[in-house]
Amino acid sequence: MVDRFPSNLTRLGQRVPLGVSQILPVALLFLLLTACAFPGTVCPTVKIGLVAPFEGRYRYVGYDVIYAVQLALFEANRDGGVAGYSVELVAYDDGANPDMAVEQARKLAVDPAVVGAIGHFREETTAAAVATYADTGIPLIAPAVLNVGLGQDGEAIYRLGSAAEPLASALLERASQLAPRGEIVLISQGGPLEESLRRAARKQSGTGLSVISADTSDWETEVLTRTPSVLVSDLEPVRAGEVLSTLRERGWSGSVLGGPALAPSDFVAVAGQAATGTVFVTPWPFPSDVSDGEAFIAAYRSVSDDVEPGPLALPAYEATWTLLEALEQASADGELTRKRVNTALSRVGRQGALDNLSSDESRDWADLGLYWYRIGPDGVPALQE
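Residues numbered from 1 in each chain as written. Predicted model: local features only at pLDDT ≥ 70, side-chain atom pairs only at ≥ 80, totals over all residues. Heavy atoms only, no water.

Participant: Please clarify how the packing of helix α2 (residues 98–109) against helix α3 (residues 123–136) should be interpreted in this entry.
Facilitator: Packed helices, taken two at a time, are described by the angle their axes make and the gap between the axes. For the pair α2 and α3, the least separation of the axes is 8 Å and the interaxial angle reads 25 degrees. It follows from the interaxial angle that α2 and α3 lie roughly parallel. When the axes of α2 and α3 are compared, the crossing they make is right-handed. Facing α2, whose interface residues are P98, A101, V102, A105, R106, L108 and A109, α3 presents E124, T125, A128, A129, T132, Y133 and T136. Each residue belonging to the contact of α2 with α3 can be placed in one class, and the counts come to nine nonpolar, three polar and two charged. (Axes fitted to C-alpha atoms, helices over the stretch in contact; angles between N-to-C directions. Helix = DSSP H or I, 4+ residues; strand = E, 2+ residues; numbered from the N terminus. Parallel < 35°, antiparallel > 145°, perpendicular 65-115°, else oblique. Left-handed = near helix turned anticlockwise from the far one by under 90°. Contact = heavy atoms within 4.5 Å. Nonpolar A, V, L, I, M, F, W, Y, C, P; charged D, E, K, R; others polar.)

Below, the structure is given as structure tokens:
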């Protein structure tokens, strides 16, 4: 067992071979940790890939996760690497664009040293790229993806976190408690929770759920005309902030619920004081709310120039360590290959910051529990007991 969360990490960089138009402004140096036992020796190298949006409106995702991945690799390489290998990161920016996601997955595939990947942290980009990983044999761990349908056709994809169904059921139950006789409105752009919420509402007799698209020109009038007691948001952070601030300015004072998309600070940054009192549910707790969380935060800040970890930092860190432990297991069967790593991932178990992680037959680590947060007047989400 390696020493997690060192308090005196050296500032480090990472070689990130991006295209000219997708150069990251951080992490451009190669991590010079050979982790070999004797000076002058050179360890064999194995690579893992990371694909996430580092530019554009979802750039917060990339910069939340890359430092977490770097931290895990630093720990592994500092303590001897994995089965005699030093582990190198190859990171690409997909810009939250499905076509770019496919292109970047193909770039990973052409390097035979890449034996596993983590990404893409969004439903549409992961769905677009998953066939490429399947065709090239690269196992993919997909934190933050709610769609259990990904991976049902034999793709080597492993989700990390709860599926859309339990999230939707929990949201609808809370909404029904807040509006026992009032109307519940779901405002959406066709996100992953919408269909699950529709199904959950059909199963619960007496639950009135109206769905309004935020893409229509008259969405504001539709919401205010219904005067809902509860508004459930399945919007991305920025759009959710715009919608809520508009409704509050128009005098609507109902309750707001949402899923993991309301966890990023971009939501509060756009909504401002209108976000106060918003409640969201997520399978990924903030680092301060887990055991040894303060140590993780300190270690993360050591590699991020004091940037605080966001809601996707822990899932990215745990995904990286899960992949590293799969590499360790796979090495027992011989040379590290994509096929061996995939086989190891299907049976790996991990006790980490998110408690017990173990894959089931559907290749999910889904039993992580759910965490409820309420956003306070200071804009900070507080865990609800």
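Still more ground to cover, so stick around.
Participant: Can you walk me through empty space enclosed by the protein in this structure?
Facilitator: To find leftover empty space, one rolls a probe the size of a water molecule over the atoms. Summed over all chains, the structure comprises one cavity of 30 Å³ or more. Roughly 50 Å³ of internal volume is contained in the largest cavity. Along its surface, the largest cavity is lined by I187, L231, S233, L235, A240, V243, L244, V256, L262 and F267. Of all elements in the fold, only β8 (230–234) and α7 (237–249) reach the threshold of two or more residues within the lining of the largest cavity. With three residues, α7 is the single largest residue contributor to the lining of the largest cavity. Of the residues that constitute the lining of the largest cavity, the class distribution is nine nonpolar, one polar and no charged. (1 Å grid on protein atoms, 1.4 Å probe; cavity = no way out; pocket = protein on both sides within 12 Å on 5 of 7 lines; lining within 4 Å. Points joined across faces, edges and corners; volume = space filled by probe spheres on them.)

Participant: It is not clear to me how the confidence of the model for the protein chain should be interpreted in this structure. Could you clarify?
Facilitator: Atomic detail in the predicted coordinates should be set aside for any region of low pLDDT. Per-residue pLDDT for the protein chain has a mean of 85; in total, 83% of the residues score no lower than 70. Strand β9 (residues 255–258) holds the highest mean pLDDT among the elements of the protein chain, 98, whereas strand β13 (residues 364–365) holds the lowest, 48. Low pLDDT, under 50, characterises residues 6–35; the stretch is placed with 78 contacts to residues that sit more than four places away or in other chains. Counted against residues more than four places away or in other chains, residues 360–366, with its pLDDT under 50, gives 25 contacts. (pLDDT = per-residue confidence, 0-100.)

Participant: Quick question: what am I supposed to make of the pattern of salt bridges here?
Facilitator: Any two side chains of opposite charge can pair, so long as their charged atoms come close to each other. Considering all chains together, one arrives at 16 salt bridges under this definition. Bridged by salt links that share partners, the residues E165, E195, R199 and R202 form one connected network. (Salt bridge = Lys/Arg side-chain N within 4 Å of Asp/Glu carboxyl O.)

Participant: Which parts of the structure should I look at to understand the packing of aromatic side chains?
Facilitator: What the rule picks out here adds up to seven aromatic pairs. Seen from their ring centres, F286 and Y373 are 5.0 Å apart, and the 70 degrees between their planes marks the pair as edge-to-face. Residue F286 is located in the loop between β10 (279–282) and α9 (293–303), and its partner Y373 is located in strand β14 (residues 371–375); the two are separated by 87 residues in the primary sequence. Both residues of the pair, F286 and Y373, belong to the buried class. Both rings, one in F296 and one in Y317, keep their centres 5.2 Å apart while their planes meet at 75 degrees; by these two values the pair is edge-to-face. One end of the pair, F296, is in helix α9; the other, Y317, is in helix α10 (residues 313–331), and 21 residues separate them in sequence. By relative accessible area, F296 is classed as buried at 1%. One aromatic cluster is present, formed by Y67, F296, Y300 and Y317 through successive ring pairs. The ring of Y58 has R122 sitting right over it, with the charged end atom 3.7 Å from the ring centre. Across the ring face of W372, the terminal group of R174 is positioned such that the distance to the ring centre comes to 4.0 Å. (Phe/Tyr/Trp six-rings, centres within 6.5 Å; stacked < 30°, edge-to-face > 60°. Buried < 20%, exposed > 50% of the residue type's maximum accessible area, 1.4 Å probe, protein only. Lys NZ or Arg CZ within 6 Å of the ring centre and 35° of its normal.)

Participant: Just checking my understanding: could you explain the packing of helix α1 (residues 59–78) against α10 for this structure?
Facilitator: As a packed pair, α1 and α10 sit with axes 8 Å apart at the nearest point and diverge in direction by 35 degrees. At the point where α1 passes α10, the crossing takes the right-handed sense. Between α1, through D64, V65, A68, V69, L71, A72, L73, E75 and A76, and α10, the contact on the second element is made entirely by A313, A316, Y317, T320, W321 and L324. Taken together, the residues of the contact of α1 with α10 break down into twelve nonpolar, one polar and two charged.

Participant: What should I look at first to understand the nonpolar core in this one?
Facilitator: Soluble globular proteins tend to pack their nonpolar side chains together in the buried interior. Counting residues in each nonpolar core, the largest one holds 74 residues, and the members touching the most others are L50, F121, V232 and L327. With 26 residues, the next largest nonpolar core counts L224, L231, A240 and A275 among its residues. (Core = buried A, V, L, I, M, F, W, Y, C linked by side-chain atoms within 4.5 Å.)

Participant: Which parts of the structure should I look at to understand the layout of surface pockets?
Facilitator: Taken as a whole, the largest pocket spans an internal volume of roughly 670 Å³. R122, E123, P192, E236 and A261 are, among the 32 residues lining the largest pocket, the residues nearest its centre. Mapped by element, the contributors of at least two residues to the lining of the largest pocket are α1, α3, α5 (192–203), β8 and α7. Per element, the largest residue contribution to the lining of the largest pocket is three residues, and it comes from α3. Here the residues of the lining of the largest pocket sort into 18 nonpolar, seven polar and seven charged.

Participant: Where do I start with the side chain of R338 in this structure?
Facilitator: One can find R338 in helix α11 (residues 338–345). The side chain of R338 sits in the buried core without any salt bridge; D111 is the nearest counter-charge, 6.2 Å away. A distance of 2.7 Å separates the side chain of R338 from the backbone oxygen of V114, its partner in a polar contact. If near-sequence neighbours (up to four positions away) are discounted, R338 is found in contact with L108, A109, D111, P112, V114, V115, T136, G137, I138 and P139. (Lys, Arg positive; Asp, Glu negative; His and termini not counted. Polar contact = N/O pair within 3.5 Å; in protein donor to acceptor, adjacent residues only side chain to side chain.)

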